[in-house]
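Below are the chains, spelled out letter by letter.
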Amino acid sequence: MSPAAARQAFFDRSHTDDLIAFLGTSPSPYHAVASAADRLEKAGFRQVAETDAWDAAAGGRYVIRGGALIAWYLPEGAGPETPFRVVGTHTDSPNLRVKPVPDTGSAGWRQVAVEIYGGVPLNTWLDRDLGLSGRLTLKDGSWRLVQLDEPLLRVPQLAIHLDRQVNDGMKLDKQRHLTPIWGLGPVDEGSLITYVAQRAGLEPAAVAGWDLMTHDVQPASYLGRDRELLAGPRLDNLLSVHAATAALAAVASADGTDALPYIPVMAAFDHEETGSESDTGAQSPLLGNVLDRTVYARGGTPEDRARALAGTVCLSSDMGHAVHPNYTERHEPGHHPLPNGGPILKVNVNNRYATDGIGRAVFAAACEKAGVPWQTFVSNNAMPCGTTIGPITAARLGIRTVDCGIAALSMHSARELCGAADPYLLASAIKAFLEG
C-alpha cells in the first residue's frame, strides 16, 4: 500500500481522534496507565494485584505498578509452554517536574522550583501555558491522581531587547532560567501543595508526598491544509501506548481468540527517558515476573518457562525520526522516513536498537498481514543513535526483540509532530503481530 493509499484508507480518522482524547487524559505516566486501564476494562480485562495468587482462567488481565502497566490475554487451553507476543512501550515523556521544596521566587515573583526530567529541548518549554498533573501520596499510603488543565505556570523568555544576540544562539541555564512563574508576591512556603491538594479535594495536612509535573495545556490537534498531520504533546511515547492498548483490546475481543498461537502481552514501562532503572522501568524484573507467574499459574515448570521464552518475540514500539526538510544533512541519505508512510523498522548494528534480520522478517510479516506500508530508519553514521527499551528487554529476558515506531519531527519537544494516518497504521501492525 502506498502512502497516498494509506491516507485515503484512513479517511474517517477515528483512531487518531481517540488518540487525541487519550493524550488529553494522560498528562502524566500515572494518568496514561489509568487511561489505558479504562480502555482495557471496557474490552473485558480485569485488574489483578501483584500480592494476590493468580489463577489460570482464560481471559484478559492487567497489573498496575505506579506509572507502569502490564496486560495480557490468556487464550482458552494455552499450555504452560505457550510462547508470548509482547509489545513494549513507555508512559513517560521529557518535561519539568516539581521539586521536593517547590515554593520559590525572586524579585517579587512567586515561582515553582522544577527539575528537568529526561532529554528536554529547553527552549520548547518557554512561553507556554503550563498545567500541573501527577499524583499526591497520602499519609495512609494511598495516592490520588491530580490533573489541573489550566494555565497555572509559565517559563517566560527574556525579551529580545534585553538579549540582542538571542537569534545568534540561545543558551539557557537549567537551574536559573527554567523556573516557572505562577504569581506575584513573597515566597509562600507550602502554598503550591496546599493549592494542589485543595483542588484535588484533599486536606493539605493529609499529603505526605507528591510526584507532580508540568504539561502544556494546549490540546493535540490536526495540522496542515489537508489535516494530514498531528501536532501534540507526549506523542513520544503515548502514541505507542495507545496503539498497543487498542491492538490488545481488539485481539482479545475478536472471534477465534481460543486459537491464538501466542499469549498477547502489552508492557507499558515508566522511566524510559531516564534509563529505565526503576522498579517500574524496563530494567526491572516486572515484565519477567508477570510472564513467569502466568506460566506457573498454569502448572508450568522452569522447563516450560524456558520453552515459552525461547519462542517469545517482543515488538518494542517507540517514536523515531522523520526526515527533517530543513536539516536533511542530519539524516542517513538512503533512509528518509516520512509521515504517513507507515511504521518504521529501527535498525542499528551496535545494538542501540535490537532489530536483526530475523526480527525484520517478523515485522515485515506483521505489516503485510495488516496491509500497511512500512519504512526503515537508520541513523547517520556521523550522529549518535538513541536507544529504547528494546535492547534492555532482549538482554534482560533473552527474548528476540524488534524495534519499531513511527516517523516524527520535534521528538522530545513540548509539542511533537507526526502523520495523522500513522497511529492507525501502527496499531494495525501491532494487532497483526500480537495475533501471530
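Residues numbered from 1 in each chain as written. Predicted model: local features only at pLDDT ≥ 70, side-chain atom pairs only at ≥ 80, totals over all residues. Heavy atoms only, no water.

1. Quick notes on the confidence of the model for the chain
Any region with low pLDDT has predicted coordinates that should not be read closely.
Then, number 1: Scored by pLDDT, the chain has a mean of 95; 97% of the residues are at 70 or more.
Then, number 2: A low-confidence stretch, residues 6–11 stays under pLDDT 50, and its non-local contacts, those more than four residues away or across chains, total 12 contacts. (pLDDT = per-residue confidence, 0-100. Contact = heavy atoms within 4.5 Å.)

2. Observations regarding the packing of helix H5 (residues 235–253) against helix H10 (residues 422–435)
Then, number 1: Contact pair H5 / H10: the axes reach a minimum separation of 8 Å and the direction vectors enclose 45°. With respect to their mutual orientation, H5 and H10 come out oblique. Crossing angle aside, the handedness with which H5 passes H10 is right-handed. In contact with Leu 239, Ser 240, Ala 243, Ala 244, Ala 247, Leu 248, Ala 250 and Val 251 of H5, H10 contributes Pro 423, Leu 426, Ala 427, Ile 430, Lys 431, Leu 434 and Glu 435.
Then, number 2: Considered class by class, the residues forming the contact of H5 with H10 number 12 nonpolar, one polar and two charged. (Axes fitted to C-alpha atoms, helices over the stretch in contact; angles between N-to-C directions. Helix = DSSP H or I, 4+ residues; strand = E, 2+ residues; numbered from the N terminus. Parallel < 35°, antiparallel > 145°, perpendicular 65-115°, else oblique. Left-handed = near helix turned anticlockwise from the far one by under 90°. Nonpolar A, V, L, I, M, F, W, Y, C, P; charged D, E, K, R; others polar.)

3. Considering the sheet that holds strand S12 (residues 229–232)
Then, number 1: Overall, mixed pairing links the five strands, which are arranged S11-S12-S20-S19-S15 in an open sheet. The open sheet terminates on both sides in strands that have one partner only, identified here as strand S11 (221–223) and strand S15 (320–321).
Then, number 2: Note: S12 against strand S20 (residues 416–419), four bridges, orientation antiparallel. Each bridged residue has a counterpart across the sheet, and for Leu 230 the counterpart in S20 is Cys 418.
Then, number 3: Across the sheet, H5 touches S12 and S20, and the angle it forms with S20 is around 40°. (Pairing = 2+ DSSP bridges.)

4. Describing unusual backbone geometry
Then, number 1: For the bond from Asp 236 to Asn 237, the omega torsion is 10°, close enough to zero to count as cis.
Then, number 2: A positive phi angle is found at Arg 227, which is not glycine, with a value near 50°.
Then, number 3: Here Arg 227 lies in the loop between S11 and S12.
Then, number 4: Take Arg 227: its relative accessible area is 43%, and that puts it in the partly exposed class. (Buried < 20%, exposed > 50% of the residue type's maximum accessible area, 1.4 Å probe, protein only.)

5. Observations regarding the packing of aromatic side chains
Then, number 1: The tally for this structure, following the rule as stated, stands at six aromatic pairs.
Then, number 2: Seen from their ring centres, Trp 182 and Tyr 195 are 5.8 Å apart, and the 70° between their planes marks the pair as edge-to-face. Linking Trp 182 in strand S9 (residues 181–184) with Tyr 195 in helix H4 (residues 191–199), this pair joins segments that are 13 residues apart in sequence.
Then, number 3: With a relative accessible area of 23%, Trp 182 lands in the partly exposed category.
Then, number 4: Classification of Tyr 195 as partly exposed rests on a relative accessible area of 25%.
Then, number 5: Centre to centre, the rings of Phe 363 and Trp 374 are 5.5 Å apart; their planes meet at 90°, and the pair counts as edge-to-face. Pair noted here: Phe 363 is in helix H8 (residues 357–370) and Trp 374 is in the loop between H8 and strand S17 (375–377), with a separation of 11 residues, a long-range link. (Phe/Tyr/Trp six-rings, centres within 6.5 Å; stacked < 30°, edge-to-face > 60°.)

6. Points about the environment of Thr 25
Then, number 1: By the element assignment, Thr 25 lies in the loop between helix H2 (14–24) and helix H3 (29–42).
Then, number 2: On the accessibility criterion, Thr 25 (38% relative accessible area) is partly exposed.
Then, number 3: Linking Thr 25 and Ser 35, residues 10 residues apart in sequence, is a C-alpha distance of 6.7 Å.
Then, number 4: Excluding its chain neighbours within four sequence positions, the residues that come into contact with Thr 25 are His 31, Ser 35 and Gln 147.
Then, number 5: Only 3.0 Å separates the side chain of Thr 25 from the side chain of Ser 35, close enough to count as a polar contact. (Polar contact = N/O pair within 3.5 Å; in protein donor to acceptor, adjacent residues only side chain to side chain.)

7. Notes on the packing of helix H6 (residues 286–297) against helix H7 (residues 302–310)
Then, number 1: Orientation of H6 relative to H7, taken along the N-to-C sense of each, is 125°, at an axis distance of 10 Å. Taken as axis vectors, H6 and H7 run oblique relative to one another. In terms of crossing hand, the pair formed by H6 and H7 is right-handed. Where H6 approaches H7, its residues Leu 291, Asp 292, Val 295 and Tyr 296 are matched on the opposing element by Pro 302, Asp 304, Arg 305, Ala 308 and Leu 309.

8. A look at the pattern of salt bridges
Then, number 1: Scanning the entire structure with this criterion turns up 17 salt bridges.
Then, number 2: The partner of Glu 50 in a salt bridge is Arg 65, and the shortest N-O contact between them spans 2.6 Å. Of the two residues, Glu 50 is situated in the loop between strand S1 (46–47) and strand S2 (59–65) and Arg 65 in strand S2; the sequence distance between them amounts to 15 residues.
Then, number 3: Looking at Glu 50, the relative accessible area reads 29%, which means it is partly exposed.
Then, number 4: With its nearest N and O atoms 3.0 Å apart, the salt bridge here joins Asp 211 to Arg 135. Of this pair, Asp 211 sits in strand S10 (residues 207–216) while Arg 135 sits in strand S7 (residues 130–138), and the two are 76 residues apart along the sequence.
Then, number 5: Residue classification places Asp 211 among the partly exposed positions, given a relative accessible area of 29%.
Then, number 6: We classify Arg 135 as buried; its relative accessible area is 17%.
Then, number 7: Among the charged side chains, a salt-bridge network with shared partners connects Arg 46, Asp 55 and Arg 61. (Salt bridge = Lys/Arg side-chain N within 4 Å of Asp/Glu carboxyl O.)

9. Observations concerning the environment of His 331
Then, number 1: Along the chain, the position of His 331 falls in the loop between S15 and strand S16 (344–346).
Then, number 2: According to the relative accessible area criterion, His 331 is buried, its value standing at 12%.
Then, number 3: His 331 sits 78 residues away from Leu 409 along the chain, and the two C-alpha atoms are 12 Å apart.
Then, number 4: Filtering out sequence-adjacent residues up to four positions away, His 331 remains in contact with His 321, Ala 322, Val 323, His 324, His 336 and Asn 380.

10. A word on H2
Then, number 1: Of all the residues in H2, the buried ones are His 15, Thr 16, Leu 19, Ile 20, Phe 22 and Leu 23. Along the long axis of H2, the arc covered by the buried residues comes to 160°, so they all point the same way.
Then, number 2: Those residues of H2 hidden inside the fold are in contact with H3, S11, S12, H5 and H10. (Arc of directions from axis to C-beta.)

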